[in-house]
Amino acid sequence: MIIRDVIITPIAFRDPPLLNSDGVHERLALRNIVQLVVDGGVVGLGEGSGGEEVTERLLAVRDAVIGKSVFDLHGIEAAVNAVFGGDEGPLDRRARRVVYSPLDVAAHDAQGKIVGLPVSELLGGAVRDAVPYSAYLFYKWAEHPALDGEAATGDEWGEAIDPDGIVRQARALIDRYGFRSIKLKAGVFPPEQEIAAIRALAEAFPGLPLRIDPNGAWTHETAVHVARELEPVLEYLEDPVLGIDGMAAVSRETPLPLATNMCVVTFEQLKEGFAKDAVQIVLSDHHYWGGLAHTRELAAMCSAWGVGLSMHSNSHLGISLAAMTHVAAASPELSYACDTHYPWNRGDDIVRPGALEIVDGSIAVPRAPGLGVELDPDALERQHQVYLASGRTRRDDTGYMRRIQPDYSPTLPRF
């Protein structure tokens, strides 16, 4: 089954004004959609990181991938590496894996459609019928402000800039989707305010596992202080400080498990991170680790070291969510509910509705062949036109924030 064409479509879709240590999410999030056209008219779907740079890199590998067997994952990845000169070229391994990832997902989708099996079966078989996800909370403004001729735009979720607002947001997400764990994106306000938000969540939702993620915005002293204050109510603490050595130093001073998607983000960093006991949980992400098969390899390595496994998320749509669900379903090592931005972004999805519904905090693993989702060509074209009209080329949370607060600094640590 030979790949006859590779179609790459950059898209943009609405994103709320979600605050983080870099700044604030812009009005539009960016993604790249890949379609692998295979013999017999089979089309495999992949969704990857957005922005012009990734689009250009995908276009650069297109001719090298055409002609490969859709089952030859090693050959497809080798072709990607060769285009960029391998380890001697301009892109490091992680950057090359970002390019390869949507091709890997699309190849798995096509494989499943060809053999009549869901992707989870191709990854070793589903060990769970449904994958749990967490309510992903953000400090946020009520609306994107009016800027440069663009009108202010609100959303259904409203403002959340204090503990009461965070609890309201959590209740809305839990009432709608039934989430059974909660994560708060932090590093936005002074730590005492974020400690108060976690305590308010613990009071409002007793028994639900809680997590907090400041994206390395805290000093060592702040991280240890927050850990001690919240130790009784946190499930784990994610990336309180920067770097493997910084995380290891915090780990020595708290019994709380530390999780990361910032300091251990490549296979080359696993040995040092695990040997120094810098992290007890790795947040996998197939978009960065190089696709679904490599994510399974990561899970096995975590298991061998006795390290827990969860899943990171960024702004995404349904193809990514389906891929996340399949690899999570096929990972016995998965120890915690996964992150997802999908409730924030699903209004502009490009797959037909029905296959991916969050019920009781989980998504049932699709049983149809491949990823189990169907592309809506009209929706894809709609979001492609949004991308073209926007003039956007990359994500820039800091630049957007500085249009509103000119003196904003993303320098870490902040607190």
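Quick summary incoming for the structure in this document. Because the structure is a prediction, the values reported are computed rather than measured. Starting afresh in each chain, residues are numbered from 1 along the sequence in its written order. Since the coordinates come from a predicted model, pLDDT governs what is reported: local features require at least 70, and pairs of side-chain atoms require 80 or more to be given and counted, while whole-chain, interface and lining totals use all residues. Only hydrogens and water are set aside; all other atoms, that is, all heavy atoms of the structure, feed into the side-chain values.

### Brief notes about the side chain of His25
In step 1: Per the convention used, a helix needs a DSSP run of H or I reaching at least four residues, while a strand needs a run of E reaching at least two, with both numbered from the N terminus. Inspection of the secondary structure puts His25 in the loop between β3 (23–24) and β4 (28–38).
In step 2: When its relative accessible area of 2% is taken as the criterion, His25 is described as buried.
In step 3: A polar side-chain atom of His25 sits 2.7 Å from a polar atom in the side chain of Asp15.
In step 4: Only 3.1 Å separates the side chain of His25 from the side chain of Arg395, close enough to count as a polar contact.
In step 5: Those residues in contact with His25 that lie beyond four places of it in its chain are Asp15, Pro16, Pro17, Leu18, Asn20, Phe138, His144, Ser315, His341, Arg395, Asp397 and Tyr400. Categorising residues by exposure relies on relative accessible area from a 1.4 Å probe, with only protein chains included: less than 20% of the type maximum marks a residue as buried, more than 50% marks it as exposed, and the intermediate range marks it as partly exposed. Contacts described as polar in this section are N or O atom pairs within 3.5 Å, which, within protein, must combine one atom able to donate a hydrogen with one able to accept it, while residues neighboring in sequence count only if both atoms come from side chains. For this analysis, residues touch if any pair of their heavy atoms sits within 4.5 Å.

### Considering the state of the cysteines
Think of a disulfide as a covalent bridge from one cysteine sulfur atom to another cysteine sulfur atom.
In step 1: Criterion for a disulfide: a pair of cysteine sulfur atoms within 2.5 Å. If you walk through the whole model with that rule in mind, you get zero disulfides.
In step 2: Cys302 provides the cysteine sulfur closest to Cys263, a residue in no disulfide bond, and the two sulfurs are 12 Å apart.

### What to know about the pairing of strand β10 (residues 182–185)
In step 1: Burial of β10 is two-sided: the residues Ile182 and Leu184 facing one way and the residues Lys183 and Lys185 facing the other way are all buried.
In step 2: A pair of strands is considered paired only if DSSP assigns at least 2 bridges between the two. When strand β7 (residues 135–138) meets β10, the two strands line up parallel, connected through four bridges. Within β10, the residue paired with Phe138 across the bridge is Lys185.

### Examining helix α7 (residues 220–230)
Owing to its 3.6 residues per turn, the α-helix brings residues three or four apart onto one side.
In step 1: Of the residues making up α7, those classed as buried are Thr222, Ala223, Val224, Val226, Ala227 and Leu230.
In step 2: Next to the buried residues of α7 lie α6 (191–204), β12 (234–238) and α8 (244–251).

### Topic: the packing of aromatic side chains
In step 1: Centres within 6.5 Å are what make two rings of Phe, Tyr or Trp a pair, Trp counting through its six-membered ring; a difference in plane orientation under 30 degrees is then read as stacked, over 60 as edge-to-face, and the rest as tilted. Per the stated rule, a full pass over the model turns up eight aromatic pairs.
In step 2: A centroid spacing of 6.1 Å and a plane angle of 85° characterise the contact between Phe138 and Trp344, whose relative ring orientation is edge-to-face. Here the residue Phe138 occupies a position in strand β7, and Trp344 occupies one in helix α13 (residues 342–345), the gap between them amounting to 206 residues.
In step 3: Judged by relative accessible area, which is 1%, Phe138 ranks as buried.
In step 4: Given a relative accessible area of 6%, Trp344 falls into the buried group.
In step 5: The rings of Tyr136, Phe138, Trp157 and Trp344 are connected pair by pair, giving a single aromatic cluster.

### What about the sheet that holds strand β14 (residues 281–284)?
In step 1: Sheet architecture is open: seven strands sit in the order β7-β10-β11-β12-β13-β14-β15, paired in parallel fashion. Edge positions in the open sheet fall to β7 and β15 (308–311), since each of these has one partner strand only. Here the average twist between neighbouring strands, direction ignored, is 25°.
In step 2: By the bridge criterion, two bridges tie β12 to strand β13 (residues 258–260) in an arrangement that is parallel. Residue pairing in the sheet places Glu238 in a bridge with Ala259 of β13.
In step 3: Note on geometry: axes are lines fitted to C-alpha atoms, helical ones only across the stretch in contact, with angles between N-to-C directions running from 0 to 180 degrees. Across the sheet, helix α11 (residues 292–305) is in contact with β14 and β15; its angle to β14 comes to roughly 175°.

### Remarks on the nonpolar core
Considering soluble globular proteins, one finds that nonpolar side chains tend to be buried as a cluster.
In step 1: We define the nonpolar core as a collection of buried residues of types Ala, Val, Leu, Ile, Met, Phe, Trp, Tyr and Cys that are connected through side-chain atoms lying within 4.5 Å of one another. Counting 102 residues, the largest nonpolar core has Leu137, Ile182, Leu201 and Ile350 as the members making the most contacts within it.
In step 2: By residue number, the principal contributor to this core is helix α12 (residues 318–329), which donates eight residues.
In step 3: Not counting chain neighbours up to four residues away, the residues in contact with Ile350 comprise Ile11, Ile33, Leu317, Ile319, Glu374, Leu375, Asp376, Ala379, Leu380 and Gln383.
In step 4: By size, the runner-up hydrophobic cluster in this structure holds 26 residues, among which are Ile3, Val54, Val70 and Phe84.

### Description of unusual backbone geometry
In step 1: Cis geometry marks the peptide bond from Leu412 to Pro413, where omega comes out at -5°.
In step 2: With respect to the helices and strands, Pro413 occurs in the segment after α15 (397–404).
In step 3: The phi torsion at Asn215 lies on the positive side, around 55°, for a residue other than glycine.
In step 4: Although it is not a glycine, Asp360 adopts a positive phi angle of roughly 55°.
In step 5: The class for Asp360 is partly exposed, based on a relative accessible area of 47%.

### Quick notes on a nonpolar patch on the surface
In step 1: Together, Met1, Phe71, Val115 and Leu117 make up an exposed nonpolar region whose accessible area comes to about 340 Å².
In step 2: Locating Met1 in the fold gives a position in the segment before β1 (3–14).
In step 3: The class for Met1 is partly exposed, based on a relative accessible area of 43%. Exposure above 30% relative accessible area and the lack of any salt bridge qualify a residue for a patch; like charges then connect within 9 Å, and the nonpolar side chains Val, Leu, Ile, Met, Phe, Trp and Tyr within 5 Å. The protein chains shown are the only cover counted for residues, whose accessible areas, like all others here, come from Shrake-Rupley with a 1.4 Å probe. Here a salt bridge means any side-chain nitrogen of Lys or Arg lying within 4 Å of a carboxyl oxygen belonging to Asp or Glu.

### Notes on the packing of helix α1 (residues 52–65) against helix α2 (residues 73–83)
In step 1: At a minimum axis separation of 9 Å, α1 and α2 run at an interaxial angle of 125°. Our classification of the angle between α1 and α2 gives oblique. In this structure, the crossing between α1 and α2 has a hand that is right-handed. Side by side, α1 and α2 meet where Ala60, Val61, Ala64 and Val65 of the first sit next to Ile76, Ala79, Val80 and Val83 of the second.
In step 2: Here the nonpolar group is Ala, Val, Leu, Ile, Met, Phe, Trp, Tyr, Cys and Pro; Asp, Glu, Lys and Arg are the charged ones; every other residue, Gly included, is treated as polar. Here the contact of α1 with α2 is composed, by residue class, of eight nonpolar, no polar and no charged. When an angle is under 35 degrees it counts as roughly parallel; over 145 it counts as roughly antiparallel; between 65 and 115 it counts as roughly perpendicular; any other value is oblique. Working rule for handedness: look at the near helix, and if it is turned counterclockwise from the far one by less than a right angle, call the crossing left-handed; if clockwise, right-handed.

### Some points on the pattern of salt bridges
In step 1: Tallying each qualifying case throughout the model produces 33 salt bridges.
In step 2: Note that Asp87 and Arg93 form a salt bridge whose closest N and O atoms lie 2.7 Å from each other.
In step 3: A salt bridge links Arg199 to Glu229, with the nearest nitrogen and oxygen atoms 2.5 Å apart. Highlighted residues: Arg199 in helix α6 and Glu229 in helix α7, separated in sequence by 30 residues.
In step 4: Given the relative accessible area of 40%, Arg199 is considered partly exposed.
In step 5: Within this structure, Lys183, Lys185, Arg211, Asp213, Glu235, Glu238 and Asp339 form a network of salt bridges that share partners.

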